[in-house]
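# Inside the fold
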Amino acid sequence: MGRARTLAQVYRHFGEGEAAGTLYARVAVAVSESAEALRAVEAAPARKRQPALILAALHDLALAGRAPALAAAYAARDGDAAAAAAIDALLYETELVVALAAHRKARKGETGRCAVLYPAIAEAAHRVGADAVGLVDVGCSAGLNLTVDRVGITYDNGQSLGDPSSPVRHAAGVVGDRRLPAHAMPDVRTRVGIDAEPVDVTDPEQARWVRACLPPEEVAGLDAELALAAADPPVLLRGDVVDLLPEAIARVPDDVLPVVTTTWALRRLSLEHRLRFLRRLDEAATHRPVAWVSAEGVGVAPAIPTFGDRHASGHSIIGLAVFEHATLRAEGVGRTWSQGRLLSWLA
């Protein structure tokens, strides 16, 4: 009973907090109120019982046609029907839901990060004088960051960057009076993603799971991003991201500027691994410049200044570093909130 009450609190907290305002919120609260549903969730390994993962497994069943009532409720945006159908699917397909949760991990939404990456990557290329770049995304997941040059971005200060004809549109807010740098993105010659478990967006099952990790209301926008990534899929390297970094950078032609990007990826690494990551970048810049663009929590990205901000301050630092001939020029160029949906350019 104690475990059930604790699990109920976790699901209610998820529904009232992280998932608030979505159909996932209604489902999470319904699970928290059903003793049978909570017992079904407890069939999963303890570390696989989190709401984001169980709700993604249920959504995956709906997308795959295995839970038609849930799929219909999600399509109709009917919260009450979705809650009832999700409980039914969880009870009748407990083994399948548990199996999905046991072998998958929740994929956080990568959408919106291009609004931060685009101006920072273009600024890095401008500073080096590069007319072509090779993108290396660390912790790439589905590789959506690697389409940064092919999306259109509108900021609420009136600026627009990227491709205005792109089927993928992003919107972001800007804090403060300073405008974003308006340099155009140079030609992208290479796209490489490295991740412990990268997602191949050309694989229907893997792409479906990425969709399942988002509330149903957000899937339509993600579909356009997945289609854009699948049209020109990146090279994917699987394994330890620090160990793979030299190989990834080596895939960028010698006459092209490698730009390594990290967006909330380094927080999953120990301090030792983050310092090794920094050394790998320095070693790769022996014969040519290498740029690093980061959006990480305050103090997470080694060598990137933090404006004196405190840890766990609710925002992240946008960093720009250039390694060249044993010289490092590292700068904090801005702050960002809500995973890139709001930013302040300070450089």
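Anyway, here's the lowdown on the structure attached to this text. Worth saying up front: this structure is predicted, and the values here are computed from it rather than measured.

Turning next to the pairing of strand 4 (residues 169-174). Note: strand 2 (residues 152-155) against strand 4, four bridges, orientation parallel. Across the sheet, residue Gly152 finds its bridge partner in strand 4, namely Arg169. Both strand 4 and strand 11 (residues 342-345) contribute to a ladder of two bridges, which runs parallel. Each residue of the ladder has a partner; that of Val174, found in strand 11, is Leu343.

The end-to-end C-alpha distance of helix 6 (residues 79-92) is 20 Å, a good match for the 20 Å that 14 residues give at a rise of 1.5 Å each. Listing the buried residues of helix 6 in full gives Gly79, Ala82, Ala83, Ala85, Ala86, Ile87, Ala89 and Leu90. Residues of helix 6 that are buried make contact with helix 2 (23-32), helix 3 (35-41), helix 4 (51-63), helix 5 (68-76) and helix 7 (94-103). Of the residues that open helix 6, the one with a side-chain oxygen 3.3 Å from the backbone nitrogen of Asp80 is Asp78.

Once that is clear, we can look at the pairing of strand 9 (residues 316-324). Most of strand 9 sits out of view: eight of its nine residues are buried. In terms of strand pairing, strand 8 (residues 290-297) meets strand 9 through eight bridges, oriented antiparallel. Bridge pairing in strand 9 places Trp292 opposite Ala321. Pairing of strand 9 with strand 10 (residues 327-337) involves nine bridges; the strand directions are antiparallel.

Tallying each qualifying case throughout the model produces 17 salt bridges. For the salt bridge of Arg127 with Glu123, the shortest nitrogen-to-oxygen distance reads 2.8 Å. Pair noted here: Arg127 and Glu123 are both in helix 8 (residues 114-128), with a separation of four residues, about one helical turn. Its relative accessible area of 12% is what places Glu123 among the buried residues. As a salt-bridge pair, Asp223 and Arg211 come within 2.3 Å of each other at their nearest N and O atoms. A residue pair is termed long-range when its members are at least 10 positions apart, and Asp223 in helix 10 (residues 219-231) and Arg211 in helix 9 (residues 204-212) qualify at 12 residues. On the accessibility criterion, Asp223 (29% relative accessible area) is partly exposed.

Ranked by internal contacts, the top residues of the largest apolar core, which has 42 residues, are Tyr11, Val31, Ile54, Leu58, Leu70 and Leu90. Those elements that provide at least two residues to this core are helix 1 (2-16), helix 2, helix 3, helix 4, helix 5, helix 6, helix 7 and helix 9. If one sorts the elements of this core by residue count, helix 4 sits on top with nine residues. Setting aside anything within four residues of it in sequence, one finds Leu90 in contact with Ala37, Ala40, Val41, Ile54, Leu58 and Val97. With 36 residues, the next largest nonpolar core counts Leu117, Ala124, Leu180 and Val293 among its residues.

Below, the discussion takes up the side chain of Arg288. Counting through the fold element by element, Arg288 comes out in the loop between helix 12 (271-284) and strand 8. Within the structure, the side chain of Arg288 is placed 3.1 Å from the backbone oxygen of Val252, a separation counted as a polar contact. From its side chain, Arg288 meets the backbone oxygen of Val256 in a polar contact 3.2 Å long.

A large share of helix 2 lies buried, amounting to nine of its 10 residues. Buried residues of helix 2: Leu23, Tyr24, Ala25, Val27, Ala28, Val29, Ala30, Val31 and Ser32, and no others. N-capping of helix 2 is provided by Thr22, with a side-chain oxygen placed 3.2 Å from the backbone N of Tyr24.

Here we take up the packing of aromatic side chains. On inspection of all chains with the given rule, the structure shows two aromatic pairs. Their ring planes at 55 degrees and their centres at 6.4 Å tell us that Tyr24 and Tyr74 sit as a pair that is tilted. Of this pair, Tyr24 sits in helix 2 while Tyr74 sits in helix 5; the two residues are 50 residues apart in sequence, bridging distant segments of the chain. Both residues of the pair, Tyr24 and Tyr74, count as buried.

Criteria and thresholds
- Residues numbered from 1 in each chain as written.
- Predicted model: local features only at pLDDT ≥ 70, side-chain atom pairs only at ≥ 80, totals over all residues.
- Heavy atoms only, no water.
- Pairing = 2+ DSSP bridges.
- Helix = DSSP H or I, 4+ residues; strand = E, 2+ residues; numbered from the N terminus.
- Expected span 1.5 Å × (residues − 1).
- Buried < 20%, exposed > 50% of the residue type's maximum accessible area, 1.4 Å probe, protein only.
- Contact = heavy atoms within 4.5 Å.
- Polar contact = N/O pair within 3.5 Å; in protein donor to acceptor, adjacent residues only side chain to side chain.
- Salt bridge = Lys/Arg side-chain N within 4 Å of Asp/Glu carboxyl O.
- Core = buried A, V, L, I, M, F, W, Y, C linked by side-chain atoms within 4.5 Å.
- Phe/Tyr/Trp six-rings, centres within 6.5 Å; stacked < 30°, edge-to-face > 60°.

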